[in-house]
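The lines below spell out each chain.
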Amino acid sequence: MPDENELYEEWSKATDRREIEERLYRAVSRHAAAVVLTKFPEGHRDLVHNIASAVIGQLGRFRGESKFSTWVHEIASLKTKEALRAKIRYKRVFDETKIVVSGPEEDRGEDPEAGASHRVYGITMPESDARIAFEELFDQLSEDEATLLQSKSEGFSSEEISTRLGIGREAVDSRWARLKKKLPLGDG
């Protein structure tokens with residue numbers, strides 16, 4: 001079985017590249033999976049697919065200044081590190097706590113006239129439910145609060161968020177502190 005370097009050479013000389021591209025995609029996927037497993041021992045199928053797709057999509061940009069496999073390895077390493085940073089940032093911001101928006105208090109036997117019709121609180125829950133709850137929360141926030149929360153969850157710094165919102169860094173930090181009190185996310 002030819003390796004990815006040989007397949008790239010074959011691809012670069014071919015006129016009909018579809019069949020070769022499929023074999024090259026599989027070879028790049030194997031390489032990507034090996035790199036991904038160094039940082040995600042449990043595997044990360046979507047990341048492997050994203051890396052292989054990125055490589056195939058950028059084949060025309062490979063300049064041949066190194067071996068093709070070295071170029072693939074650099075892309076795989078970069079994308080794996082980005083995914084790892086995103087995972088760490090998400091955990092740092094939310095500390096494994098999922099945001100839940102409750103229904104009206106009458107759902108819990110409380111008088112809806114006694115206060116607000118919804119409450120926000122943090123619990124640990126399955127990922128699929130957490131995404132839905134997170135989206136429900138966004139419906140109850142102002143546009144700036146939603147942008148701030150989304151930006152923090154994506155790991156943006158206060159400086160980057162201040163540019164995005166058009167306000168100073170101190171204002172971002174102040175709004176984040178108020179938003180964390182409003183949404184019991186912990187001390188993060």
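Whatever comes next refers back to the structure up there.
Residues numbered from 1 in each chain as written. Predicted model: local features only at pLDDT ≥ 70, side-chain atom pairs only at ≥ 80, totals over all residues. Heavy atoms only, no water.

Peer 1: For the nonpolar core, give the residues involved together with the corresponding values.
Peer 2: L24, V28, V55, L59, F68 and W71 are the most contacted members of the largest nonpolar core, which totals 17 residues. Elements represented by at least two residues in this core include exactly α1 (4-13), α2 (18-39), α3 (45-57) and α4 (68-94). Beyond its immediate chain neighbours, meaning those up to four positions away, F68 contacts E4, N5, Y8, L24, V28, V55, L59 and F62. (Core = buried A, V, L, I, M, F, W, Y, C linked by side-chain atoms within 4.5 Å. Buried < 20%, exposed > 50% of the residue type's maximum accessible area, 1.4 Å probe, protein only. Helix = DSSP H or I, 4+ residues; strand = E, 2+ residues; numbered from the N terminus. Contact = heavy atoms within 4.5 Å.)

Peer 1: Report on helix α6 (residues 143-153), specifying residues and quantitative values.
Peer 2: Every buried residue of α6 is accounted for by A146, L148, L149, S151, K152 and S153. Phi turns positive, to about 90 degrees, at G155, one or two residues after α6.

Peer 1: Please set out the packing of aromatic side chains residue by residue, giving values where relevant.
Peer 2: Under the criterion given, the structure shown has 6 aromatic pairs. Their ring planes at 80 degrees and their centres at 5.4 Å tell us that F62 and F68 sit as a pair that is edge-to-face. F68 sits in the buried class, given a relative accessible area of 3%. Both rings, one in F68 and one in W71, keep their centres 5.7 Å apart while their planes meet at 40 degrees; by these two values the pair is tilted. Here W71 and F68 lie together in helix α4, a separation of 3 residues that amounts to about one turn. Just as F68 is buried, W71 falls in that class too. These aromatic residues form a ring-pair network of at least three members: Y8, W11, F62, F68 and W71. (Phe/Tyr/Trp six-rings, centres within 6.5 Å; stacked < 30°, edge-to-face > 60°.)

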